Amino acid sequence: MAAKQTGNGSTPAIVCEGVKKWFGDFQALSGVTTTIGWGEVVVVIGPSGSGKSTFIRCINRLESHQAGRIVVDGREMTNDLRNIDAIRRDVGMVFQQFNLFPHLTVMENITLAPIWVRNRTRTDAESQARQLLERVGIPEQADKYPGQLSGGQQQRVAIARSLAMNPRIMLFDEPTSALDPEMIKEVLDVMKELAESGMTMIVVTHEMGFAREVAHRVLFFDYGTVVEEGTPEHFFTNPQHDRTKLFLSQIL
Amino acid sequence: MEQMTPPQTAELAPEKPRSGPWAWCRENLFAGDTWGPIAFNAFLTVAFVLIVLNLMGFVTTYLFAAERRWAAVTYNMKLLMVQAFPQDDLIRIWVSIGIFAVLVVWSLASWEFGGQISVEKMAQGVRAAFVLVFLTGIMHHGEGAASFGLPFLRFDNPADWSSIRTWIELASLAGAVAAHFFAQAAHRRESEQTVPILVVPVLGMALVTLALWTVWLPVPEGQFDETTARIATTTARPWTILFGVTILAYFVGIFLHRQRPKLMRRVLISAWILSYPIIIFVIQRDPILDWADILGFGETPFLSSDLGTLLIFGILGSVVIWVVGLPPNRAVTGATVGILGVIVGLMSFAFGDGPLWSTVLMAAIGLALVAAAITIHEPVEMVRAAGAGLAMLALIIWFVPMPFVYRTFMVALALALLSAPVFGGTEQGRANLVRAWIPISFLIVAAFLLGGSDTSLEFQSTTFLGGFNLTILLAISGLALSLPAGLVLALARTSSLPIFRLLATGYIELVRSIPMITWLFFGSAMLTAFLPSGVEFDEIVRVVAAIAIFNSAYVAENIRGGLQAINKGQYEAARAVGLSVVQSTSLVILPQAIRTVIPALVGSIIIAFKDTSLVAIIGLADVLLIARNFVPQQSDPNFQGTLTQMMFFMALFYWVFTFTISRLALRYEKSIGLGER
Ligand SMILES: Nc1ncnc2c1ncn2[C@@H]1O[C@H](COP(=O)(O)OP(=O)(O)O)[C@@H](O)[C@H]1O
Ligand SMILES: [Mg+2]
């Protein structure tokens, strides 16, 4: 299952070289190096506190790395605000806690950024939002507030909100961890559909079924670095590293 | 998803039995199951009832005592409301109120304010009010007696038809009975009947209007001698017209809203913003306006007239902002900065009477900035450099002699330009910046008009403003300044830039640790010393500034509380979908933060409204000073020693306003509550 090379030609979607990050004296990332191609679906797993969230938050600069290089779509992450804004418009992110805007309706949540960042007209943005809601399976909830939806529905709205900016890369940080078991499937189904459509995705998750079925590649994180990586078959059937074996034995 | 079949008949919650009077008493007055608690609660209830009865007794005894001179209130109403406002100019007051009322009802119509209130609830409320009035009326401590104890249940001698008390008692009893039957009838209806909630204020206003033409109020005839007289038509007529206009405006508002809802809201917001300067500067201002001077056809040349100033800066500033907001581009930025330097130099030459070297300095700085902009390569850095340069420029301008208003403009312009890299770039952002600039220039000119520093215009506050008119002006102006200022302070105090945090924290702590009265003295007596010589603002303006300084610190702390209550994930999500820092703050963070602090903000607003009465200490005649001092001590000998009556009235008066504010806020909170969960 090799990654499809769709993107805009030569540059890979994401290149990380020796990315390091400290919180005070605590080193959260100790040299992450990996390259992610266009259309590739990468699942990141690892024990709690191993730096998975920090890693994907560095990719859209919610955290800033202190050493190494991160290049997204040929643009290097520096402190240049305009570069960061351009990258953020191309990279969508879905959070564990949904982080929908509670004071806005579902429709307003989705159309906010297209209207203000992409200067789309309201009618234009709303018709796109309706299509997206259709795609994530909740077209009838457009006029409700997030507080009136179930967790699974909220997370699907959050996915639609990210997609509304037409991103080329999507980051998911444990999108199903805050959900009741019966709602996990509806969110995973949406993500599966997204992966099949050729979206470049990095997914932090504990859903091993999803990793097996959808991922092109699995990264195992521990102590702020990639300890082991490979295809799902390799990873689940024939792990090399002791720590990987230990982790898998604990969660499977 | 598998479908679950719903149960055939949903089970209803058991209906709560309607409790009889005894059960009701047991539940509410003597709550308890065993004798111990019952006895204790019974004691509390009885004691409390005694206290309430006594309070009611005191009130009645006070209100209806023979020696009360309520004419002190009714006769001095004009004094209380507008103090010495010239009789011939009262039309200005009516027009001001009219503008305000029309805007209020138009907004109600445009934002579809309202909802329904159940007829039964309304009738129950009316019943309770009548019962309270009746009970208060029949409680009496006896003539002159004011001792604590069981007040008499005193029905006036039925033959005493001349006593207004008898009539009030009878009327309230009848009213209570009527309301009771009405409530019962409404309860028996199958479906609950509701009316729009707006019916309540309209009915209230209609009653007041009716009363204006029918009620006879006490007036003094000689010393301590009262008769009654109709309310003057000069009062009744304008209020009646206002009532009519308001209702008409509501329906027109609804009609317009149906046609073009979005446009109407935009027009309304602009109208609200414009109404403030129009009411203060045009309508309530001293009538001796020299329009020739304002327009620049009089003694002052056009360029230094108010209109000239406005046009120069409005247009020039818009162009400059538009250009600087362009996506960063070396040539454009360099050229802009150069042009700015030249403009500043020319201005200091044309309007300042400073030495030649200041002009040279300006031009040199302009050139240096051009050079700097060309040598620095990163476009973003370039714009920042330009902004920083402009800020520096603004600082220097303070030391170059030129009219104060121009300096203010230059500083405002430099600040606007500083934000250009943040808002600018997109067409929309630049347009917004320019749109923001125009009201800013208008406000600056307006402030100087009011201050009367550059033209011969005088705002004669001492003769023109007083009474409730002054109170409301101080309250609204103070709030209009302190709400945005508090917002900015709160954002600064929570900002990630240490210098902003430090400044905002220092300001807030300093302001809060000094009593309001000290700030008022500062505004009235000392502020002038801090301003450059030759710049003088009217006392009212200085006092408004002092009030704003004080209130903004409290508003800032309230809003900061709201900001801190917002989950960090909200900001991250906003940034992750590509919103800029400013957009994330203004579209995602602030709306939520402000919602959570509305109760606290309303508290601040109410306190600010009541605190305006402190201006009496620096000699401004607000409504409370007139009630407390002018009427009982200084005016007509008929009203000597009527302090308690006046205070009673003032208490009621302030209560009506603050209660209205807090009710409106409550309704607003409820109306937006949906999005909060
Ligand atoms: N803002 C922060 N400040 C200090 N330490 C942090 C912060 N964010 C994360 N950390 C620490 O960094 C480590 C990695 O965190 P995280 O990336 O969230 O791990 P994971 O997502 O794999 O559970 C953890 O030990 C965590 O305590
Ligand atoms: Mg995590």
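Residues numbered from 1 in each chain as written. Chains lettered and ligands numbered in written order. Predicted model: local features only at pLDDT ≥ 70, side-chain atom pairs only at ≥ 80, totals over all residues. Heavy atoms only, no water.

> Describe in detail the overall build of chain B, supporting the description with residues and values.
What chain B contains, in helices and strands, is 27 helices and six strands. Put simply, chain B has 677 residues, and 41% of those count as buried. Partitioning the intrachain contacts of chain B with sequence separation of at least 6 by distance along the chain shows that 72% fall at a separation of at least 24. Working note: accessible area of chain B is about 36900 Å², and carbon and sulfur atoms make up 71% of it. (Helix = DSSP H or I, 4+ residues; strand = E, 2+ residues; numbered from the N terminus. Buried < 20%, exposed > 50% of the residue type's maximum accessible area, 1.4 Å probe, protein only. Contact = heavy atoms within 4.5 Å. Areas by Shrake-Rupley, 256 points an atom, 1.4 Å probe, with all protein chains shown as cover.)

> Let's hear about the packing of helix H5 (residues 151-163) of chain A against helix H6 (residues 181-196) of chain A: which residues, and what values?
Residues and elements named next belong to chain A. Direction vectors running N to C along H5 and H6 enclose 20 degrees, while the axes themselves pass 8 Å from each other. Relative to H6, the element H5 is oriented roughly parallel. Between H5 and H6 lies a crossing of right-handed hand. Every residue of H6 that contacts H5 at Gly151, Gly152, Gln153, Gln155, Arg156, Ile159 and Leu163 is listed here: Met183, Glu186, Val187, Val190, Met191 and Leu194. The residue inventory of the contact of H5 with H6, partitioned by class, reads seven nonpolar, four polar and two charged. (Axes fitted to C-alpha atoms, helices over the stretch in contact; angles between N-to-C directions. Parallel < 35°, antiparallel > 145°, perpendicular 65-115°, else oblique. Left-handed = near helix turned anticlockwise from the far one by under 90°. Nonpolar A, V, L, I, M, F, W, Y, C, P; charged D, E, K, R; others polar.)

> So what's going on with the confidence of the model for chain B? Which residues, and what values?
All names here are of chain B. When pLDDT is averaged along chain B, the result is 79; 76% of the residues meet or exceed 70. The weakest mean pLDDT in chain B belongs to helix H19 (residues 461-464) at 56; the strongest belongs to helix H24 (residues 568-576) at 94. Counted against residues more than four places away or in other chains, residues 1-7, with its pLDDT under 50, gives one contact. The model gives residues 453-459 a pLDDT under 50, and that stretch makes 21 contacts with residues more than four places away or in other chains. (pLDDT = per-residue confidence, 0-100.)

> How would you explain the sheet that holds strand S2 (residues 26-36) of chain A if you had to name every residue and give the values?
Residues and elements named next belong to chain A. One open sheet accounts for four strands, arranged S2-S1-S4-S5; its pairing is antiparallel. Among the strands making up the open sheet, the edge pair consists of S2 and strand S5 (75-76). Sheet topology note: the strand S4 (residues 67-72)/S5 ladder contains two bridges and is antiparallel. Looking at S5, one finds that Val72 is bridged to Arg75. Along the sheet, helix H1 (residues 52-59) makes contact with strand S1 (14-23), S2 and S4, crossing S2 at roughly 60 degrees. (Pairing = 2+ DSSP bridges.)

> How would you summarise H1(A) if you had to cite specific residues and measurements?
Counting along an α-helix, one turn takes 3.6 residues, and residues three or four places apart therefore face a common direction. Residues and elements named next belong to chain A. With seven of its eight residues buried, H1 lies for the most part within the structure. Of all the positions in H1, only Lys52, Thr54, Phe55, Ile56, Arg57, Cys58 and Ile59 are classed as buried. Backbone geometry just after H1 places Arg61 at a positive phi near 65 degrees.

> Got a sec to walk through a nonpolar patch on the surface? Specific residues and values, please.
Residues and elements named next belong to chain B. A cluster of nonpolar side chains, Phe302, Leu307, Leu311, Ile315 and Val319, forms an exposed patch at the surface whose accessible area comes to about 410 Å². Secondary-structure assignment places Leu307 in helix H12 (residues 306-324). Taking relative accessible area as the criterion, Leu307 reaches 30% and is therefore assigned partly exposed. (Patch = residues over 30% accessible without salt bridge, like charges linked within 9 Å, V, L, I, M, F, W, Y side chains within 5 Å. Salt bridge = Lys/Arg side-chain N within 4 Å of Asp/Glu carboxyl O.)

> Requested: an account of the sheet that holds strand S9 (residues 217-222) of chain A, with residues and values cited.
Residues and elements named next belong to chain A. Overall, mixed pairing links the six strands, which are arranged S6-S7-S8-S3-S9-S10 in an open sheet. Because the sheet does not close on itself, it has two edges, and the strands there are strand S6 (91-94) and strand S10 (225-230). In this sheet, adjacent strand axes meet at a mean angle of 20 degrees when their direction is disregarded. Taken strand by strand, H6 contacts strand S3 (41-45), strand S7 (169-173) and strand S8 (200-204), and its axis lies near 150 degrees from that of S8.

> Pulling in residues and values, what's your account of the site of ligand 1?
All names here are of chain A. Around ligand 1 sit Phe23, Phe26, Ala28, Pro47, Ser48, Gly49, Ser50, Gly51, Lys52, Ser53 and Thr54, and that is every residue in its neighbourhood. Interatomic distance of 3.1 Å between a backbone N/O atom of Gly51 and an oxygen atom of ligand 1. The separation between an oxygen atom of ligand 1 and a polar main-chain atom of Lys52 is 2.9 Å. Relative to its unbound accessible surface of 560 Å², ligand 1 loses 60% to contact with the protein. (Near = heavy atom within 4 Å. Polar contact = N/O pair within 3.5 Å; in protein donor to acceptor, adjacent residues only side chain to side chain.)

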